[in-house]
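A closer look at the structure
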Amino acid sequence: GGADAGDAGAGGAAFREALAAGLIRVVEDPEQVPAAVATGPVRVRADAPFVLRRDGGTHVLALTAHDGLTGTRAPIVSLGTDDWTTQDNFSWSEYWRQLHEDGYTYVPSAGRSASVVIEGLARAPRAQRWDPGTGERTELDVRPDGHGGFGLDVPFADGAVALVVFGDGLPAPTRTPLGPPARVLDVPGPWVAHAASTLDNRWGDLAAADRPGILPVEVWRMEHREGDTGDWRPVTAGFGPFALVRRGEGAYEPAQWSLSRGIRDDPVHDYRLGPKGYVPEDFLDVREVPAGGEVAVRTHLTLPDAPGPRWLAVGANAARRVRADGRELPVQGAGHQSFSPLPGDLAGRTVALDLVLTAREDGPVRASFAVVRDPDAYRRPEWMSADATGGPARGCDLTRRLVLEEVPEDASVLVASDGACTVLVNGAEAGRQGDFNPYPGHREVRVHPYDLGALLRVGENVLTLRLSDPAGGPTAAALDSAPAARGGLGLLSDASWTAGGSGEPVMLRPTHLGRDPRSLCSWARPHPLPGAHWLEPAAAPGTVVEPVVPDLAPGPPRRESLRFTAPLGATALRVATSLRTTVLVGGQPYVPDASGRVELPEPAAAGTRVVLAIEAVDGRRGGALLDGPVTAELAEAEAPLASWEDLGLRALGGAVRHRADLRLAGPPAGRAVLDLGEVRGTAEVSVNGVPCGVRVWGPWTVEVTDALAAGPNTVEVVVRGTLAGYLDDASPTRAVAAGQVRTGLFGPVRLLTYGAGSPPPAAPERPAP
């Protein structure tokens, strides 16, 4: 304001302090004012989404090409006429179904640029585009926009994200725009490829814990044919029809599941489990059954010819009737789980099993069954509630008395509730859960552990679950603890509990609100499916669950076939089945050894078809003729540039190394860029063994000038994929969208040369596009 720097007073002192600290710069000529000095708040306008950050006098602008023109198009699913904006109308099952079957549309940002205007600077700043993948810096042209600001165009030449840095003191650029290429040379091959798995199972989180190390390449997707002349139909290894199911008065239809994976694309994963390998207990699922509607299940079980009693354990969210060879069996249990003793004279026989499940409410009917030798070792905790009469906020105590000779080492319990629940031991509060629910009408299940050791005593104890009933029905609770044989309390929620002060019996609720029954368990019980413990060894059947294979139509041995595309370069295959099998490759038969392995005479070429001719003798049909995927040992083989699925590598979790030779008449005098064309995955490029760059997004171009030489050159591209293909095949979930499993190097691969003196190609060239 014209005050002299030497003026007395607080203002002058503050000015001198700021000047000494370098916060103020005095110049004689306004032309010396730095270009990036702001005349006000720096503002940015752009026709692309962006974020702006300031670092001192420098600004960083991050622009994304995701909008109505490029990126993932919205909405990614078709909502139709339904209103999915409310909790009651949104359907996760429909959401995942559409993503899994239809996928989404993605439009790459190639060739697009963003128009940017910077306001609030006194002078035009320097601006550079910094490649977020490599750090290379390219100077950008900045011009006045005619309205007091400065404009610039930012090409998305580095991918779907462009980083712009503007201000003073920027480093020198490291890259100049290439412009149009002078020559274009195809790299047609022939290409050879070698696939390798990188699925590390050292922690047992991808497959059974007894399969340590790197998992082999697997084949899950196949086609199946009955006899020698039937139609080929798609199947997945391990999945097949094991029972017939009828809804209401309709016709019986095959029900399919896997003895190790359960239901393929199990709807329970849609709501609760996502893309996990966890195998829910229920392997029967019939959708949209009205309250009172019946679901009939029919199959056959070959019972062991061994001494000792056995029970048919049934878990279902429905009332049930059980028949064995036409005999009505008693049903012991009124909740989700029941046990029916099997008559001793059925031992060693193939028994016709009929289940009739009656829905208690509208919705899906889900169920499982197993032949067990020890009901107590198989029993799960049940949901308990008081009588359903009464109004909202009515409290109720669920009580269990227990006598202890000593307080066990493990005095913890796992409590689940779908409303407010207080845990009391001898009248003292151990904890509470479910007090806050921000979604009226939505019953959220909460599961929490509590250590009761400090509140228990030798002698009689009273354990109480104090429930508060909200609007919409009574609160239910469940409790589990380790068995006494393992040092636990040996308690679980069942019909032995009482409700209220008068000691009325509790009501057992068979439904699990879309959850798996094992979500209530504090320790792993044996799974009803004989092979479903591959991610949870503690759930192995042991001596509790008989390894019975259901058979929907027992009969004499039958011939069935499976066929698939051999993984590229396969030198050996291993077939996971105990059934008699012949492997045909190119029509040539091979007999597997005792481990199921067959060696091939030479690495399998791209597109090689393999047929498995199998003699089926039990309930395994379709994909269930195999206990698991076919695994392969691989070598290098010639291959086209195609998707992994076309090369027999759909379930590959790993990488494919592509290699081709390129001959040049002389070294490049200008700059040379390798353009990979289309890639799905990530790409690592090397030429003559020299690493040239890694790309995780388009454009799939790498400068290779310094690595090229006159004469022969070896071009190598390593494409790495994601777990999508493996999870989609090996995991019982459909939380993988269509298109996510499309992986590979598709090309065309071309060498682009720039500038005078570029080497003449040794192959015929074509005009630049």
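The structure displayed is predicted, hence computed values, not measured ones.

A look at the environment of Gly-169
Inspection of the secondary structure puts Gly-169 in the loop between β11 (161-167) and β12 (183-186). The spacing of Gly-169 and Pro-125 is 44 residues in sequence and 10.0 Å in space, taken between C-alpha atoms.

Let's talk about the sheet that holds strand β39 (residues 570-574)
Strand order across the open sheet formed by 4 strands is β14-β44-β39-β42, with antiparallel pairing between neighbours. Of all the strands in the sheet, the pair left with one neighbour each is β14 (217-219) and β42 (597-599). The sheet shows a mean angle of 30° between the axes of neighbouring strands, taken without regard to direction. Strand direction decides the pairing type here: β39 and β42, joined by 3 bridges, are antiparallel. The residue bridging Arg-574 from the neighbouring strand is Arg-597, located in β42.

A look at helix α2 (residues 92-101)
Within α2 the residues assigned to the buried category are Ser-93, Tyr-95, Trp-96, Gln-98, Leu-99 and His-100. Where α2 is buried, its residues contact α3 (267-273) and α5 (724-730). One or two positions beyond α2, positive phi appears at Gly-103, with a value near 75°.

Re the environment of Gly-744
Turning to its location among the elements, Gly-744 is positioned in strand β53 (residues 744-747). A relative accessible area of 0% places Gly-744 in the buried class. Linking Gly-744 and Asp-646, residues 98 residues apart in sequence, is a C-alpha distance of 9.7 Å.

With respect to the sheet that holds strand β7 (residues 126-130)
Ordered in space as β2-β3-β11-β7-β8, the 5 strands form an open sheet in which the pairing is antiparallel. Of all strands in the sheet, those bounded by a partner on one side alone are β2 (50-55) and β8 (137-140). Across the sheet, the mean angle separating the axes of adjacent strands is 25° when strand polarity is ignored. Pairing analysis gives 4 bridges linking β7 to β8, with the strands arranged antiparallel. Paired with Ala-127 across the bridge in β8 is Leu-140.

Examining the nonpolar core
Nonpolar side chains in soluble globular proteins tend to end up buried together. Counting residues in hydrophobic clusters, the biggest one holds 70 residues, and the most contacted among them are Leu-612, Leu-676 and Val-704. Excluding residues within four positions of it along the chain, Val-704 makes contact with Ala-672, Val-673, Leu-674, Val-685, Val-687, Cys-692 and Leu-751. Phe-242, Ala-255, Val-295 and Leu-329 belong to the second-largest nonpolar core, a separate cluster that totals 40 residues.

Details of the packing of aromatic side chains
Per the counting criterion, the structure on display carries 6 aromatic pairs. On the basis of an interplanar angle of 85° and a centroid distance of 6.4 Å, the ring pair of Phe-339 and Tyr-378 is categorised as edge-to-face. Highlighted residues: Phe-339 in strand β24 (residues 337-341) and Tyr-378 in helix α4 (residues 375-378), separated in sequence by 39 residues. For the residue pair Phe-339 and Tyr-378, the accessibility class agrees, reading buried in each case. In textbook terms, an aromatic cluster arises when at least three aromatic residues are bridged by ring pairs, as seen for Phe-242, Trp-257, Phe-283 and Phe-369. One residue, Arg-261, lies across the ring of Trp-534, its end atom 3.7 Å from the ring centre. Directly above the ring of Phe-239 sits Arg-264, whose terminal nitrogen or CZ lies 5.6 Å from the centroid.

So, the pairing of strand β22 (residues 318-324)
Sheet topology places β22 next to strand β25 (residues 350-359); 7 bridges connect them, and they run antiparallel. Considered in β25, the bridge of Arg-321 is made with Val-356. In the sheet, β22 pairs with strand β23 (residues 327-329) via 3 bridges, with the strands oriented antiparallel. Bridge assignment links Arg-323 to a residue of β23, and that residue is Glu-328. Hairpin geometry of β22 and β23 is characterised by an intervening segment of 2 residues between the two adjacent antiparallel strands and by a positive phi of about 50° at Asp-325.

Topic: the pattern of salt bridges
If you walk through the whole model with that rule in mind, you get 54 salt bridges. A salt bridge links Glu-281 to Arg-380, with the nearest nitrogen and oxygen atoms 2.8 Å apart. You can see Glu-281 sitting in the loop between α3 and β19 (284-289) and its partner Arg-380 sitting in the loop between α4 and β27 (383-385), a full 99 residues away along the chain. Given the relative accessible area of 4%, Arg-380 is considered buried.

Details of the pairing of strand β50 (residues 690-695)
As judged from the 5 bridges shared by strand β49 (residues 682-687) and β50, these two strands associate in the antiparallel manner. Bridging across to β50, Ala-683 finds its partner in Arg-695.

Topic: the confidence of the model for the protein chain
As a note on interpretation, predicted positions should not be read in detail where pLDDT is low. Per-residue pLDDT for the protein chain averages 89, and the proportion of residues at 70 or more is 89%. pLDDT under 50 marks residues 1-8. Its contacts with residues more than four places away, or in other chains, come to 6 contacts. Contacts for the low-pLDDT stretch residues 30-36, under 50 throughout, to residues beyond four places or in other chains number 18 contacts.

Notes on the side chain of Arg-137
The residue Arg-137 is located in strand β8 in this model. Despite its burial, Arg-137 pairs with no opposite charge; the closest candidate is Glu-136, at 7.0 Å N-O. The contacts of Arg-137, once residues within four sequence positions are left out, are Gln-128, Arg-129, Trp-130, Pro-171, Ala-172, Pro-173, Thr-174 and Arg-175.

Some points on a nonpolar patch on the surface
Together, Ile-76, Tyr-104 and Tyr-106 make up a nonpolar patch on the protein surface, roughly 270 Å² of accessible area in all. Along the chain, the position of Tyr-106 falls in strand β5 (residues 106-107).

Criteria and cut-off values
Residues numbered from 1 in each chain as written. Predicted model: local features only at pLDDT ≥ 70, side-chain atom pairs only at ≥ 80, totals over all residues. Heavy atoms only, no water. Helix = DSSP H or I, 4+ residues; strand = E, 2+ residues; numbered from the N terminus. Pairing = 2+ DSSP bridges. Axes fitted to C-alpha atoms, helices over the stretch in contact; angles between N-to-C directions. Buried < 20%, exposed > 50% of the residue type's maximum accessible area, 1.4 Å probe, protein only. Contact = heavy atoms within 4.5 Å. Core = buried A, V, L, I, M, F, W, Y, C linked by side-chain atoms within 4.5 Å. Phe/Tyr/Trp six-rings, centres within 6.5 Å; stacked < 30°, edge-to-face > 60°. Lys NZ or Arg CZ within 6 Å of the ring centre and 35° of its normal. Salt bridge = Lys/Arg side-chain N within 4 Å of Asp/Glu carboxyl O. pLDDT = per-residue confidence, 0-100. Lys, Arg positive; Asp, Glu negative; His and termini not counted. Patch = residues over 30% accessible without salt bridge, like charges linked within 9 Å, V, L, I, M, F, W, Y side chains within 5 Å. Areas by Shrake-Rupley, 256 points an atom, 1.4 Å probe, with all protein chains shown as cover.

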